Amino acid sequence: NNSHNLVQYLREAGADAHLLFYENETFTPDADEISLPDYPQKILTWGSYKNFMNPTIGRQVRADIAPFDILIGTRLAPAYMSRFTRRSLDGFMPTGGDIWTVPHFSGFAPKNFLKWAFVSAAQRKGIRDSHRIFMDKTNPVIEDLITPLFDADRRIETGVPAIYAPAYKGQAWDKRLAQSK
């Protein structure tokens, strides 16, 4: 949802922003909108834990991001950039466990140990390599966990907007209200 909102704000500001989302994404623009968004979108074949150990996926990762000068990612994007590309995220928008669980490997089922160790290490490196982190201040427990992952001067202490405000103004609001009945 937040990525969809960010793309809309960036396009409103004149950027040629596209939305790339993972095949296992649960928050897709069509779930939130009355009509489909009018900007470029692509469902990626990578981004999940299951594909992370597949060395052949790297070619697809590089091809998918090649057209873009600026990369803003979420979830496992830092890990995928770290493992499969020579690019860092320009901005990382954590959604939860991608910053306070995944980078802090604490062990998993023995059969998944190696995979999780690799994912965790790549996520830490990818976050450290990200140019900016978009994240509000949170509670002291989480702050203690995430502080070692990035320099404070790279943090933008605001989250990505949870809504795209123009979608709730005037006739747009009336249309949404009518459809919700």
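Residues numbered from 1 in each chain as written. Predicted model: local features only at pLDDT ≥ 70, side-chain atom pairs only at ≥ 80, totals over all residues. Heavy atoms only, no water.

Colleague: So what's going on with the overall build of the chain? Which residues, and what values?
Modeller: A count of helices and strands for the chain gives 8 helices and 6 strands. Scanning the chain from its N terminus toward the C terminus, one meets helices and strands in the order α-β-α-β-α-β-α-β-α-α-β-α-β-α. Relative to the globule expectation of 16 Å for 181 residues, the C-alpha radius of gyration of the chain, 17 Å, shows essentially globular dimensions. Considered along the principal axes of its C-alpha atoms, the chain spans approximately 55 × 40 × 35 Å. In the chain, which comprises 181 residues, the share counted as buried stands at 38%. Contacts in the chain between residues far apart in sequence, at least 24 positions, make up 51% of those at least 6 positions apart. For the chain, the computed accessible surface area is about 10500 Å², with 55% contributed by carbon and sulfur atoms. A distance of 7 Å separates the average location of the 22 positive side-chain charges in the chain from that of its 20 negative side-chain charges. (Helix = DSSP H or I, 4+ residues; strand = E, 2+ residues; numbered from the N terminus. Rg over C-alpha atoms; globule rule 2.2 N^0.38 Å. Buried < 20%, exposed > 50% of the residue type's maximum accessible area, 1.4 Å probe, protein only. Contact = heavy atoms within 4.5 Å. Areas by Shrake-Rupley, 256 points an atom, 1.4 Å probe, with all protein chains shown as cover. Lys, Arg positive; Asp, Glu negative; His and termini not counted. Charge placed at Lys NZ, Arg CZ, Asp CG, Glu CD.)

Colleague: Account for the nonpolar core, with residues named and values stated.
Modeller: Residues Trp46, Tyr80, Met81 and Ile99 are the most contacted members of the largest nonpolar core, which totals 28 residues. When residues of this core are traced back to their parent elements, those giving at least two are helix H3 (57-65), helix H4 (77-84), helix H6 (113-129) and helix H7 (140-146). Sort the elements by how many residues they give to this core and H4 lands first, with 5 residues. In this view, Trp46 contacts Tyr22, Asn51, Ile57, Gln60, Val61, Asp64, Ile65, Tyr80 and Met81; residues no more than four positions away in its chain are not counted. Formed by 5 residues, the second largest nonpolar core is a distinct cluster that contains Val7, Leu19, Phe21 and Tyr39. (Core = buried A, V, L, I, M, F, W, Y, C linked by side-chain atoms within 4.5 Å.)

Colleague: Explain a nonpolar patch on the surface to me, and be specific about the residues and the numbers.
Modeller: A contiguous nonpolar patch, built from Leu10, Ile70 and Ile72 and spanning about 250 Å² of accessible area, is present on the exposed surface. On the secondary structure map, Ile70 appears in the loop between H3 and strand E3 (72-73). (Patch = residues over 30% accessible without salt bridge, like charges linked within 9 Å, V, L, I, M, F, W, Y side chains within 5 Å. Salt bridge = Lys/Arg side-chain N within 4 Å of Asp/Glu carboxyl O.)

Colleague: Outline H3, listing residues and values.
Modeller: Residues of H3 that are buried: Ile57, Gly58, Val61, Asp64 and Ile65. Along the long axis of H3, the arc covered by the buried residues comes to 130°, so they all point the same way. On its buried face, H3 is in contact with strand E1 (19-22), strand E2 (41-44) and H4. (Arc of directions from axis to C-beta.)

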